[in-house]
Each structure stands twice: as C-alpha cells, then as structure tokens.
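Fold and geometry: a report
Here is what each chain is made of, one letter per residue.
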2 protein chains.
Amino acid sequence: MARGGARPTGEAFAALPVVVDAMGGDRAPGEIVAGARQVAEQTDINVTLVGRPGAMGDTGDLPCIPAAEVIGMDDDPGIGVRKKKDSSLVRAAEAVRDGKAMAMVSAGNTGATMASALLRMGRLPHVIRPAIATPVPNLKQPWPTVLLDCGANAECTAPMLVQFAQMGAAFVRKRYGVDQPRVALLSIGEEKSKGTPLEKETHALLADGSGGPGLEFVGNVEGRDFFDGSADVIITDGFTGNVALKTMEGTLRFLIGALTDILGRPEVKETADALYPHLLPFAASLDPDNTGGAMLLGVDGVCVISHGSSSSVAVVNAITVAHDLAVGGLVEALAAAVTPIAPVE
Amino acid sequence: MARGGARPTGEAFAALPVVVDAMGGDRAPGEIVAGARQVAEQTDINVTLVGRPGAMGDTGDLPCIPAAEVIGMDDDPGIGVRKKKDSSLVRAAEAVRDGKAMAMVSAGNTGATMASALLRMGRLPHVIRPAIATPVPNLKQPWPTVLLDCGANAECTAPMLVQFAQMGAAFVRKRYGVDQPRVALLSIGEEKSKGTPLEKETHALLADGSGGPGLEFVGNVEGRDFFDGSADVIITDGFTGNVALKTMEGTLRFLIGALTDILGRPEVKETADALYPHLLPFAASLDPDNTGGAMLLGVDGVCVISHGSSSSVAVVNAITVAHDLAVGGLVEALAAAVTPIAPVE
C-alpha cells in the first residue's frame, strides 16, 4: 500500500501520540484535557493536545500543537474546514496525515470532524464515501451491534452501502474480535422486496456476493431488532441511521427519566434506594461515555468521534480505543476489505 | 362534498356499525371477537363482525358479514387484495364504502388493510397518498405526539409530506382537541439545510406557507425529540417513520426486559414487589393496547389499524376511537384540510 508515505511503521508508529482536539465538545477544554492527561499519566499511550495556546487550561506535561482557530458546534462543517485552516480539527487531521500522530480524537462538531479527516487524510483506495460507525449495546452477547452510517452521508447509493458492510465487518473483527461478523441491512420488513429502491438494490448486491466471499449477509432487520443481537453490523444510509440512533437515545432518556421520577417519589424513595446498586451497572452499560465513541471508517487514518457532551471518562475511552485500533492495524484491515462495487444493472 | 353518495348522514350515519375484521391479528379471532362483543354489550356503539362463517368462534348476538377468504399476515398486500375479493378485509372496506358501516377496524396485515381501504374506499380529493398515523406517548403533555407516515409509503415526495402535515394536524385537532397543533419535520438537524433533498424541499414548502394559513410549522426535529412534547405532529416518509417507530418499540422492550430481569433477581425481588404498584401505571401508559391503534389518513372513510398482537382491550379501544372519530367528522375534516400542493420549482 502506497498510502501515507511519510507515515512511520512498526515500533516508530506505535510510539506516535494520539492527537486530541482540546477545543471540541460541550465540556471542552476542561473535561477533554483532564481525560487526555489521565491517559498520559496512567498508561503508556502518548497523547498530544491540539488547541489554542492559553485557552486549554492546565495542560500539565502534555505536548501541544498550536491551532489559533476553533470550529464551533454550530459552524457549517464544509465552510469551517475550508475557512479555518488553522483550527484544532484541521491541525489534528494533518498530524495524522503527516505521520506525526497515529490517530485523532474529537468530541466537537461531528460534520467538521468528518470533513477535516476526509479532506486532510483522504479516503482509502476504492472507498466511495466514509461512514460513521456507532456501537449499540445489547444484552444477548458481550459485544455491541455496530450501526453505520450514522450521519456522514444523508444520501447513499447501494454500492456505498455494500462498502459500509465491508468496512463494518472489518471494524467489528478488529474492535471486538468477532471472527465472522453477521451483517444485516436495515429495512421495514424481512423480505427482500421491502424498502425503497436503495434497500432492494443493496439487498440484491449483498445476496449476490458483491460484498466478497468473507462477508456474511444475514438479510434485512427492522428497527425493533437493534438490541436483540441478531446481527453484529447493521448498515443503512446516514439519514436513517442518524434518526434511528437518536430515536434510541431519546427513548432511553424518556424511559430513564420517567423511572427516575417514579423512584424519587417520597413514598418510594427508601425502597428505591435499595435497588440502585442493582440498577447502576446496567445504567453504566448504556452510558455513551463508556463505549469509546463513534468511529469514522474509510479515511486514511484512525478518527474517533466522541459524543458532544463527553466527560473525561469518555475521552479516556476514546483515546484508548483510538490507540488500540491504530496499533492493531484497523486502517490496513479496512483498506484490505473494501473493493470496487458495480451498481445493480 | 359529493363523496360517498350512498352514505347516510346525521342520525342515520351515527347508527351505523363499526365493522371489525374478525380474522386479522395474531390473536384472532378470539381476542378480536371478545373485544367487539364487549363494546356491543357495554356501550351504545353498534358493531358488526366480518369473517369466515363458522371460524369466528362464539360471536354472541353480533351481526356478521360473511367473507370466505382471509389475507394472512405474510401475504403480499397487493396480491392479497387483488386475488382475495371475498376476504374479510376487502369486505370490511366495502361496507364502509357502501354506507353500511361508519368505520373499519383491523389488527391484521397492515399493508393489506391499507390496500383494501385505498382500493375500495378511494382517496379523499387532492390526496396524493394516504398515510399511517401513530400516537407516540410523552410525559410533557396529556396527549401524544402523532407520527406519520409510519409505513404506508416507503418513498415520498415533498408535496406528499406537506399533505401529511395537513392531515396530521386535522387528525390531532379532532382526536385530542388540540386547537393549533404544532407540526414538525423529522430530520437530522434543526437547520433547514439538514437532511436529504426530500427534507429540504418539504421544509421550504412548509416554511413558505404551502400547508395553508392554519398550519403551524415549527421546523425540524430529530429522533431524540419524539418524547419531549416539542411537536404535536411529526411528519416523515414511510420508510423513516417505520424505522423510527420500530426503533422506539425495540428500545422500550430492551429496557423493560433488562429492568424486569434485574427486579426479578432473588435478592431484589421482595423490594421490587413494593415498587410495582408505582411502576404499573407508567407501563400501562406505554402499552400500545391502550392507545387506540394507528389510523390510515387520506382515504374516504375511517380505518383504524390496531397492532398485530392486539388483545381484546386493544380492540375495545380501537372500536371506540373509530366510532368517535367517524361520528366526530374526521373524514370531513381531513377532506377540508388537504389542498393540492405544487412541488418546489
């Protein structure tokens, strides 16, 4: 592979830092810098911050790459990346491109993170469009189901979805050690005739083996199947994936809010307090801070997108996952998995 | 209005029965017939069953319209309705069309229920396509948020979505007495630039007042906003709506399943038992049996689609809602609300 000519390999690569966007996220820079420092102090992982000098708070002994600008949560991603060339996000992506970092982590503007990674790192060979992959927890198996695309591409074609299947399977294999990930297509019925032309074409391509001999396509799943462990990877377009993911978040928040209200009633509180030690481990398993964040797949470098309200715990997990996947060869595995896909005739 | 020439009006209409498909649903005919009998025995609502003679169990004193065929849950809706002209679903829709019933209720094959209603009752004037409207409960206001389309049309155009907004608002006004329903568009961000061309065009049409002077468009909402009461009507295409609705169902089932497991542990059970009286009213508020079912809007008659696993309680609610909306003039209100919509130029 001729990609990343400037990129070190072997031990030199493993010694590279993970670059962390200190300016991105609702709780930046405080929680971001705290998480980065914690990783650097407690593990062998090297961490470098990127941000505006003097605006990052106490960065301790961490090395910093200066970036005068910040792309805000409400900035238009495309315009932000084009106009703010000295922003923390653009500089972070450049550090990965230039072989100065093994991976980047940001809890900032998702669209701008994606645009920075795409424009600065570039796509892997054959990749039509990168996709955002997000883990969805379930109770049936110890690893989550990975949903992609969660919003990188509002509009998709069937060949893009087949590549999402290839990338999702390669990611699950690396991230969770699942040998033969089961890949399903999100639709509105199990039959191959269900859905829009996009789902019908994608189903036909995957059923015909267009995803390659190593890809196990298990057919369509529906929205109610996310949590039942019937697939390891679920693919869909970025509009539907984003709606589905946010619907899960909203439903969980609604139900947990209602339960918290009920368990907080004066006449119930004492009883409820006895239950919290039993409920908390489950609640923790759902906390996005503990899952390591979403991953941008298809660019020439590791890019972890932590959620906007990331705490230092989320940042620690995101950096750890980014490091492990970079050293573990995620990018090489993705490059090997993706093939050119011809549309349905 | 020249529709339904054969249809009685006034007191004669109010005396018509609600026809109930005795053969449709996972628990048909037992639970369906039980619910229908309960309504007939305990209220002033007239109920007529439609089904295969001798296969409906004990129908008591209820009048029955015979139908020799059944469209099964797995039958293709289009083929089923075309080939099984003497099916309970087709006969039920014909009873409404012919002025022999005020409304129809089925817990059977959703696609076939829709196809029967569409092909036999026909569309209301100007309606491009009917849509399935489903209530989503929330804790912020006493009435639910209505989501449409929940699966009648996998592919939609912007003018269709504008009509869904018109019909959804008219429905919420009739069903829940909300004077000025707030209508939102489901997308992947609040800005009008977010989403696919369908969302951008629909947003532009609604923001320009194409929905009419009485329609209050409050902008885009995201998947996480379903339960927060920020809109009374949420419109989307039938693919996305179906995925979102089933994602909510799956998420609720996942969380309730996990909680039931935890609260059932031997060391917890005694404490948990004391909480159930507090938890049950909330659980009941989420039970689809209690919400009256989904409604097909845009056809020339009232058609309630109860969920596939409907119990007699669900059937009682569905019949009651169907009756109240038929007598309350839902169809007339929908006909008055829908206008021709020109596409964005």
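Residues numbered from 1 in each chain as written. Chains lettered and ligands numbered in written order. Predicted model: local features only at pLDDT ≥ 70, side-chain atom pairs only at ≥ 80, totals over all residues. Heavy atoms only, no water.

1. Thoughts on the overall build of chain A
Helix and strand content of chain A: 11 helices and 11 strands. The C-alpha atoms of chain A give a radius of gyration of 20 Å, which matches the 20 Å a tight globule of 345 residues would have. Along the first, second and third principal axes, the C-alpha atoms of chain A reach 65 × 60 × 35 Å. Burial status across chain A gives 56% buried among its 345 residues. (Helix = DSSP H or I, 4+ residues; strand = E, 2+ residues; numbered from the N terminus. Rg over C-alpha atoms; globule rule 2.2 N^0.38 Å. Buried < 20%, exposed > 50% of the residue type's maximum accessible area, 1.4 Å probe, protein only.)

2. A word on the interface of chain A and chain B
Between chain A and chain B, the contact holds 47 residues from the first and 47 residues from the second. Of all residues in chain A, Arg224, Phe239 and Phe254 of chain A give up the largest surface area on contact with chain B, accounting jointly for 16% of the area buried on that side. The tally of links from chain A across to chain B stands at 8 residue pairs in polar contact (both at pLDDT 80 or more). Looking at the side of chain A that touches chain B, the elements with two or more residues in it are α7 (197-207), α8 (238-263) and α9 (266-286) of chain A. In terms of residues, the side of chain A that touches chain B owes the most to one element, α8 of chain A, which gives 20 residues. By residue class, the composition of the side of chain A that touches chain B is 26 nonpolar, 12 polar and 9 charged. (Contact = heavy atoms within 4.5 Å. Buried area = accessible area lost by both parts, 1.4 Å probe. Polar contact = N/O pair within 3.5 Å; in protein donor to acceptor, adjacent residues only side chain to side chain. Nonpolar A, V, L, I, M, F, W, Y, C, P; charged D, E, K, R; others polar.)

3. A few points about the sheet that holds strand β4 (residues 103-106) of chain B
Residue and element names in this part refer to chain B. Reading across the sheet, the 11 strands line up as β3-β2-β1-β4-β11-β10-β5-β6-β9-β7-β8 and stay open at both edges, with mixed pairing between neighbours. With partners counted over all chains shown, the strands left at the sheet margins are β3 (64-66) and β8 (216-221), one partner each. Neighbour-to-neighbour, the strand axes of the sheet open up by a mean angle of 25°, direction not taken into account. Of the strand pairs in this sheet, strand β7 (residues 182-186) and strand β9 (residues 233-235) are connected by 3 bridges, and their pairing is parallel. For Val183, the partnering residue across the bridge sits in β9 and is Val233. With respect to the sheet, helix α7 (residues 197-207) is in contact with β7, β8 and β9, its orientation differing from that of β8 by roughly 155°. (Pairing = 2+ DSSP bridges. Axes fitted to C-alpha atoms, helices over the stretch in contact; angles between N-to-C directions.)

4. Some thoughts on empty space enclosed by the protein
Taken as a whole, this structure holds 3 cavities of 30 Å³ or more when the rule is applied. Quantified by volume, the largest cavity comes out at close to 70 Å³. At the level of secondary structure, the elements contributing two or more residues to the lining of the largest cavity comprise α10 (312-327) and α11 (330-337) of chain A. Counting residues per element, the lining of the largest cavity draws most heavily on α11 of chain A, which supplies 3 residues. Classifying every residue of the lining of the largest cavity gives 9 nonpolar, 1 polar and 2 charged. Computed from the structure, the second largest cavity encloses a volume of approximately 40 Å³. Along the walls of the second largest cavity sit Val20, Asp21, Ile32, Val105, Ser106, Ala107, Ser306, Val315 and Ala318 of chain B, which together make up its complete lining. When contributions to the lining of the second largest cavity are tallied by element, the ones reaching two or more residues are β1 (18-21), β4 and α10 (312-327) of chain B. (1 Å grid on protein atoms, 1.4 Å probe; cavity = no way out; pocket = protein on both sides within 12 Å on 5 of 7 lines; lining within 4 Å. Points joined across faces, edges and corners; volume = space filled by probe spheres on them.)

5. Overview of the confidence of the model for chain A
In the predicted model, chain A carries a mean pLDDT of 93, and 98% of its residues have values of at least 70. Quick note on the complex model: pTM equals 0.95, ipTM equals 0.94. (pLDDT = per-residue confidence, 0-100.)

6. Points about the relation of the copies chain A and chain B
When chain A is fitted to chain B, the best match, at an RMSD of 0.0 Å, comes from turning it 180° and sliding it 0.0 Å along the axis. Such a combination of rotation and displacement between the chain copies is what one expects of a two-fold axis. A shared interface surface links the copies, since 100% of the contact residues of chain A are contact residues in chain B too. (Least-squares fit on C-alpha atoms with pLDDT ≥ 70 in both.)

7. Digging into the state of the cysteines
Disulfides are covalent bonds that link the sulfur atoms of two cysteine residues. Scanning all chains against the criterion turns up 0 disulfides over all chains. Cys150 of chain A takes part in no disulfide bond, and the closest cysteine sulfur to it belongs to Cys156 of chain A, at a distance of 11 Å. (Disulfide = S-S within 2.5 Å.)

8. A word on the packing of aromatic side chains
Geometry of an aromatic ring pair is reported as the spacing of the ring centres plus the angle between the planes. Taken as a whole, this structure holds 6 aromatic pairs over all chains when the rule is applied. When the ring of Phe282 of chain A is compared with that of Phe254 of chain B, the centres are 6.0 Å apart and the planes differ by 55°; the resulting orientation is tilted. Residue Phe282 of chain A is located in helix α9, and its partner Phe254 of chain B is located in helix α8 (residues 238-263); the two belong to separate chains. Using a relative accessible area of 11% as the deciding quantity, one classes Phe282 of chain A as buried. (Phe/Tyr/Trp six-rings, centres within 6.5 Å; stacked < 30°, edge-to-face > 60°.)

9. Some points on the sheet that holds strand β11 (residues 302-305) of chain A
Across a sheet, strands are paired by hydrogen bonds formed along the backbone, either parallel or antiparallel in direction. All names here are of chain A. As summarised here, the arrangement of the 11 strands in space is β3-β2-β1-β4-β11-β10-β5-β6-β9-β7-β8, forming an open sheet in which the pairing is mixed. Two strands bound the open sheet, and with one partner strand each, they are β3 (64-66) and β8 (216-221). Between one strand and the next, the sheet's axes are offset by a mean angle of 25°, whatever the strand orientation. Examined bridge by bridge, strand β2 (residues 47-51) and β3 share 3 bridges and lie parallel to one another.

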